[in-house]
Amino acid sequence: LTSAQGMLTKNIKASVYLDYFKFPYLKYDVDKSSHGFDYVSDVTYSPARKWIMDLKYQHKEKMKNVDSKSRVVSSLITDKISYKLIYQPNKLISLRGQVSGIEQHFFHQSSKYGYLLAGRIDANLKKWKVSAGVAMFHTDNYDTRIYMYERGLLYAYSFSSYYGYGFRSYLSSYYQINQHLLLITKYGLTHFFDRHQISSGSDLINSSSKGDVYLQLRYKF
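Residues numbered from 1 in each chain as written. Predicted model: local features only at pLDDT ≥ 70, side-chain atom pairs only at ≥ 80, totals over all residues. Heavy atoms only, no water.

Draft legend 1. How the structure looks around the overall build of the protein chain. Regarding its fold elements, the protein chain presents zero helices and 13 strands. Counting from the amino terminus, the protein chain carries its helices and strands in the arrangement β-β-β-β-β-β-β-β-β-β-β-β-β. Each principal axis of the C-alpha distribution contributes one length, and for the protein chain these read about 60 × 55 × 35 Å. Each of the 221 residues in the protein chain was classed as buried or not, and the buried ones make up 32%. (Helix = DSSP H or I, 4+ residues; strand = E, 2+ residues; numbered from the N terminus. Buried < 20%, exposed > 50% of the residue type's maximum accessible area, 1.4 Å probe, protein only.)

Rendered as structure tokens:
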């Protein structure tokens, strides 16, 4: 494991991460000893106080079963790139945009792709914080899923993964009732263009759309 970061100039910050890993024994989806490496580079550019741009690239190679029938193990190569733009004209409003892409293939096999386009607006008032976001995603399979951060409940994991072909929108609100009570609400809607059923088993939804509602009330002593 090797990492380094630093300021290239007054407005440019860069970081590099390199990890080599090896597994001498069998593991899930790998029917032999395996190894691989993961490389990540991240550059952040802030030309002015109101603007922040971030470009992140990741290259990862690991060994994995090509399929469950033959159990042939090959090198799975994944490349990811993500560009984020943040514009904050004042203390009340913040605008964010994201473009992400992924390419994945086994050695000497055809590639699978995925992309995500997303935007978000945050409004920070005296007692009320509101976030609204939208995203369009299209991936060839589950392995090319793309993760996106959403402002959600306190102490909850807020990175959701998206795969297939669809659209995501959400609205979240943080309202400070008084110095002790904080009310958090969130509503999200995911619509798929490539299916008429979502999930399976007891979680099966006979629709192309799925809604989620969250409510949290925190009392602070």
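Draft legend 2. Local environment of the packing of aromatic side chains. In this structure the tally under the stated criterion is nine aromatic pairs. Here the aromatic rings of F137 and F192 are separated by 6.0 Å at their centres, their planes lie at 75 degrees, and the arrangement is edge-to-face. With F137 in strand β8 (residues 128-139) and F192 in strand β12 (residues 181-192), this pair connects stretches of sequence that are 55 residues apart. Assigned by exposure class, F137 and F192 land together as buried. Grouping aromatic residues by their ring pairs yields a cluster made of F137, Y162 and F192. Lying across the ring of F23, K27 places its NZ or CZ 4.8 Å from the centre. Across the ring face of Y174, the terminal group of R151 is positioned such that the distance to the ring centre comes to 6.0 Å. (Phe/Tyr/Trp six-rings, centres within 6.5 Å; stacked < 30°, edge-to-face > 60°. Lys NZ or Arg CZ within 6 Å of the ring centre and 35° of its normal.)

Draft legend 3. Focus on the nonpolar core. Counting residues in hydrophobic clusters, the biggest one holds 10 residues: I102, L116, A118, A135, F137, I146, M148, Y162, F192 and I198. Mapped onto this core, the elements with two or more residues apiece are β7 (112-124), β8 and β9 (146-149). Look past the residues within four positions of Y162 in its chain and what remains in contact with it is L116, F137, T139, R145, I146, M148, E150 and R168. (Core = buried A, V, L, I, M, F, W, Y, C linked by side-chain atoms within 4.5 Å. Contact = heavy atoms within 4.5 Å.)

Draft legend 4. Geometry of a nonpolar patch on the surface. A contiguous nonpolar surface patch, about 990 Å² in accessible area, is contributed by V43, L55, Y57, I81, Y83, V99, Y115, L117, V134, Y165, F167 and F193. Those elements that place two or more of their residues in the nonpolar patch are β4 (51-65), β5 (73-87), β7 and β11 (165-176). With relative accessibility at 43%, the residue L117 sits in the partly exposed group. (Patch = residues over 30% accessible without salt bridge, like charges linked within 9 Å, V, L, I, M, F, W, Y side chains within 5 Å. Areas by Shrake-Rupley, 256 points an atom, 1.4 Å probe, with all protein chains shown as cover. Salt bridge = Lys/Arg side-chain N within 4 Å of Asp/Glu carboxyl O.)

Draft legend 5. How the structure looks around the pairing of β5. Where β4 lies against β5, 15 bridges are found, and the strand directions are antiparallel. Paired with I52 across the bridge in β5 is I86. Pairing of β5 with strand β6 (residues 93-106), which is carried by 12 bridges, proceeds in the antiparallel orientation. Looking across to β6, one finds that I86 is bridged to R96. Taking the residues between adjacent antiparallel strands as the criterion, β5 and β6 are bridged by five residues. (Pairing = 2+ DSSP bridges.)

Draft legend 6. Layout of the side chain of S74. Secondary-structure assignment places S74 in strand β5. Beyond its immediate sequence surroundings of up to four residues, S74 is in contact with K62, M63, K64, V66, F106 and F107.

Draft legend 7. View of the pattern of salt bridges. Within this structure, the stated rule accounts for seven salt bridges. With a closest N to O distance of 2.9 Å, R168 and D212 form a salt bridge. Within this pair, whereas R168 is found in strand β11, its partner D212 is found in strand β13 (residues 209-219), the two being separated by 44 residues in sequence. Using a relative accessible area of 5% as the deciding quantity, one classes R168 as buried. A salt bridge links R195 to D194, with the shortest nitrogen-to-oxygen separation between them at 3.1 Å.

Draft legend 8. Focus on the environment of D31. Structurally, the position occupied by D31 is in the loop between β2 (12-23) and β3 (34-48). For D31, a relative accessible area of 31% corresponds to the partly exposed category. Note: C-alpha distance between D31 and S15 (16 residues apart in sequence) is 34 Å. Setting aside its immediate chain neighbours within four residues, D31 contacts L26, N65, R71 and V73. Polar side-chain contacts of D31 include one of 3.0 Å to the side chain of N65. (Polar contact = N/O pair within 3.5 Å; in protein donor to acceptor, adjacent residues only side chain to side chain.)

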